[in-house]
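# Coordinate analysis (summary)
Now for the letters of each chain:
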Amino acid sequence: MNRWVRPLLLHAALVAGVVAILAPLLWMVGVSLMPTGASQVEPPPLLPKQPTLEQYRQLFLRLNLARALGNSLLVSLGATLCAVVCNGLAGYAFACLRFRGRDRLFAALLLLLLIPGQVAILPLFLLLRTLGLTNTLVGVALPSFASVFGIFMVRQYALSIPQELLEAARVDGASEGRIALQVVFPLLRPVLVTLAAFTFVGTWNDFLWPLVVLSDERWYTLPVALATLAGEHTHDAELMMAGAVMTMAPVLLVFAFLQRHYIRGLTLGGVKE
Amino acid sequence: MSERRAGWLFIAPALLLLVVFFLLPVALGLVLAVTDFDIYALGDPSAVRFVGAENFRQMVKNPLFFRALVNTCYFVGVGGTLSILLSLLAALALASPLCRWRGFFRTVYFAPVVLTMVAVAVVFRTLYHPDFGLLNRFLKLFGVEPIFWLGDPAWAMPAIILLALWKNFGYNMVIFLAGLSTIPPTLYEAASLDGASRWQQFWHITLPGLRPTLVFVLITTLIGYFQLFAEPYVMTGGGGPVNATLSLVLHMYKEGFRWWNMGYAAAVAVVLFALILLVTAPLRWYQRRWSP
């Protein structure tokens, strides 16, 4: 008896968890496919009677969310590319290249992890304003170009690269730049993919910084555009759900394809140190 | 190019970016906090004056700041604790030898972590609608009277905590799972041979084995939960009802970027930072003492 009951209870609880996670998301998709006002009746329907793309059409044509989508893509892809190059090079150097003060510098960098980003946000805004970068997409992306966590992640992984390999390349006459690009980066591919996924998702989802740095609607990223829309169309549930689907879809897609890489990145930083 | 030069060259871009766009602003933030930087200073920086502890004095007299402080502590204390407990429970369930389709459950539970907070908040705002929301409809099945979630000062913060649990528990769950996998299974085998109950095994093997993971999770969760912002910004129109969900970061944002009291807002940021350092200090001390 007990042999059946325990696994049954465990899996019942786990399935209940899955329902609790998925219900809001499925409901969001359902409501986003309803015509305006259809979800606000008694009793509220769970599924659209006749699915329609009306809300999405409105978002794209009337409310210009396509532009916000483009802005978000530009910011996230740009930040991802720069983060992979900057943090990749730095992480490799901290792990494999020998220079004076290296380890002390790295230890100092790790201390920065304790500082929450909010402390920097007011002066950062003033700094970018002086540089003329407020209200630009570059200004939104710039603070994500380098991160201590990214450097740390690459370094941990790069520690496993054998020194003999680098020495052999040096003996063959390869320059340090060529070694980094042609020998090391291909070896670091898994951790660089993780870093890319982290940076993309992080910049895509970021809200406070783009909200602060952007004032012109034309440059709004999707989260800022959605939050603004949600403030104006408080009762337009169907439209809001469509906007939410649009905002979540790209990160969900990235996660679906890079899930393993993503989760491995978390545990890389977490447990060992 | 020598290895040494290459080393410096490769860390230079990242280091430069971190110094200019993180370290410098953090340092300037401390300076900003002791000035009266406001909207006039924004136009003419020479109008800034050093005011010492004036911003902090004002803060102590400001009932909004106290509201934000209490609310944030409520969110961190209740929300953070529940979140860690739920994560631990989920991780223990998934790590159980009885568990099947582990990969599937892990993926589904983790998925909300990557979702955009603003979009999730928009969805939950609709979900919490007193008449047409999914939650009240579900509770009605059990005969619960409709709750005015986001409109009732007593329920608004619990509603935000529920959302945070839904969205975040998968993160710590994954970390706990990694921590659990480092505990050698032979310990459990030996314990059950000795007749230890499940509860005893949990108390004497699992929990001590998870100690470093638990400390790490506590630190990161505290830091993360102290930064509550997007949820009240989107769901309660910026801290309502009657400031029941006003958080410290929201208070800072409003003072700094809506009223341009940047000196005062920087002082709020400094207090937030000090609070985080203070609360995590014993944990960090513990971590350093016990890590190999």
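Heads up: the structure comes first, above all this text.
Keep in mind it's a predicted model, so treat the numbers as computed, not measured. (Residues numbered from 1 in each chain as written. Chains lettered and ligands numbered in written order. Predicted model: local features only at pLDDT ≥ 70, side-chain atom pairs only at ≥ 80, totals over all residues. Heavy atoms only, no water.)

## Side note on the pattern of salt bridges
All names here are of chain A. Worth spelling out the cut-off: Salt bridges are counted wherever a side-chain nitrogen of Lys or Arg sits within 4 Å of a carboxyl oxygen of Asp or Glu. Runs of E in the DSSP output that reach at least two residues are strands. Runs of H or I that reach at least four are helices, and both are numbered from the N terminus. Only protein chains enter the accessibility calculation, which uses a 1.4 Å probe. A residue is then buried if its area is under 20% of the maximum for its type, exposed if over 50%, and partly exposed in between.
Applying the stated criterion across every chain yields a total of nine salt bridges over all chains. A salt bridge links Arg98 to Glu167, with the nearest nitrogen and oxygen atoms 3.1 Å apart. Within this pair, whereas Arg98 is found in the loop between helix H3 (65-96) and helix H4 (102-111), its partner Glu167 is found in helix H8 (residues 163-171), the two being separated by 69 residues in sequence. Residue classification places Glu167 among the partly exposed residues on the basis of a relative accessible area of 33%.

## Concerning the nonpolar core
Definition in use: What is meant by a nonpolar core is a set of buried Ala, Val, Leu, Ile, Met, Phe, Trp, Tyr and Cys residues, joined one to another through side-chain atoms within 4.5 Å. By the convention used here, residues are in contact when the closest approach between their heavy atoms is within 4.5 Å.
Within the largest apolar cluster, 202 residues are counted, with the highest numbers of intra-cluster contacts made by Tyr92 and Leu188 of chain A. In terms of residues, this core owes the most to one element, helix H8 (residues 153-180) of chain B, which gives 15 residues. Discounting residues that sit within four places of it in the chain, Leu188 of chain A has contacts with Gly88, Tyr92, Val154, Tyr157, Ala158 and Ile161 of chain A.

## Remarks on the packing of aromatic side chains
Just so we agree on the cut-off: Working definition: a ring pair exists when centres of Phe, Tyr or Trp rings (six-membered ring for Trp) sit within 6.5 Å. Plane angles under 30 degrees give stacked, over 60 give edge-to-face, the rest tilted. Only when the NZ atom of a Lys or the CZ atom of an Arg is both within 6 Å of the ring centre and within 35 degrees of the ring normal do we say a charge sits over the ring.
Scanning the entire structure with this criterion turns up 33 aromatic pairs over all chains. Seen from their ring centres, Phe94 of chain A and Phe106 of chain A are 5.3 Å apart, and the 50° between their planes marks the pair as tilted. Residue Phe94 of chain A is located in helix H3, and its partner Phe106 of chain A is located in helix H4; the two are separated by twelve residues in the primary sequence. Just as Phe94 of chain A is buried, Phe106 of chain A falls in that class too. Where Trp199 of chain B meets Trp203 of chain B, the ring centres are 5.7 Å apart and the plane angle is 25°; that geometry is what we call stacked. Here Trp203 of chain B and Trp199 of chain B lie together in helix H10 (residues 198-209), a separation of four residues that amounts to about one turn. Through a chain of ring-to-ring contacts, the aromatic side chains of Phe125 and Phe207 of chain A together with Phe229, Tyr233, Tyr253, Phe257 and Trp260 of chain B assemble into a single cluster. Sitting over the face of the ring of Trp101 of chain B, Arg100 of chain B holds its NZ or CZ atom 5.2 Å from the ring centroid.

## Here we look at the packing of H3 of chain A against helix H9 (residues 176-187) of chain A
All names here are of chain A. What counts here: Every axis corresponds to a line fitted to the C-alpha atoms, with the helix fit spanning only the stretch in contact, and the corresponding angles, defined between N-to-C directions, vary from 0 to 180 degrees. Each angle is binned into one of four classes, with values under 35 degrees roughly parallel, values over 145 roughly antiparallel, values of 65 to 115 roughly perpendicular, and all other values oblique. The classification used treats Ala, Val, Leu, Ile, Met, Phe, Trp, Tyr, Cys and Pro as nonpolar, Asp, Glu, Lys and Arg as charged, and all other residues, Gly among them, as polar.
Axis separation between H3 and H9 bottoms out at 12 Å; the angle between their running directions is 100°. Classified by the angle their axes make, H3 and H9 are roughly perpendicular. Of the residues in H9, those in contact with Val84, Val85, Gly88, Leu89 and Tyr92 of H3 are Glu176, Ile179, Ala180, Val184 and Phe185. Tallied by class, residues from the contact of H3 with H9 come to eight nonpolar, one polar and one charged.

## Re unusual backbone geometry
As a rule of thumb, non-glycine residues mostly have phi less than zero, and peptide bonds are mostly trans rather than cis. Of the consecutive residues Gly240 of chain B and Pro241 of chain B, the connecting peptide bond is found in the cis state with omega at -15°. You can see Pro241 of chain B is positioned in the loop between helix H12 (230-235) and helix H13 (248-258). A positive phi angle, close to 65°, is found at Asn64 of chain A, a residue other than glycine. In this fold, Asn64 of chain A is placed in the loop between helix H2 (54-61) and H3. Asn64 of chain A sits in the partly exposed class, given a relative accessible area of 47%. With phi around 65°, Asn135 of chain A is a residue other than glycine that occupies positive phi space. With respect to the helices and strands, Asn135 of chain A occurs in the loop between helix H5 (118-130) and helix H6 (137-141).

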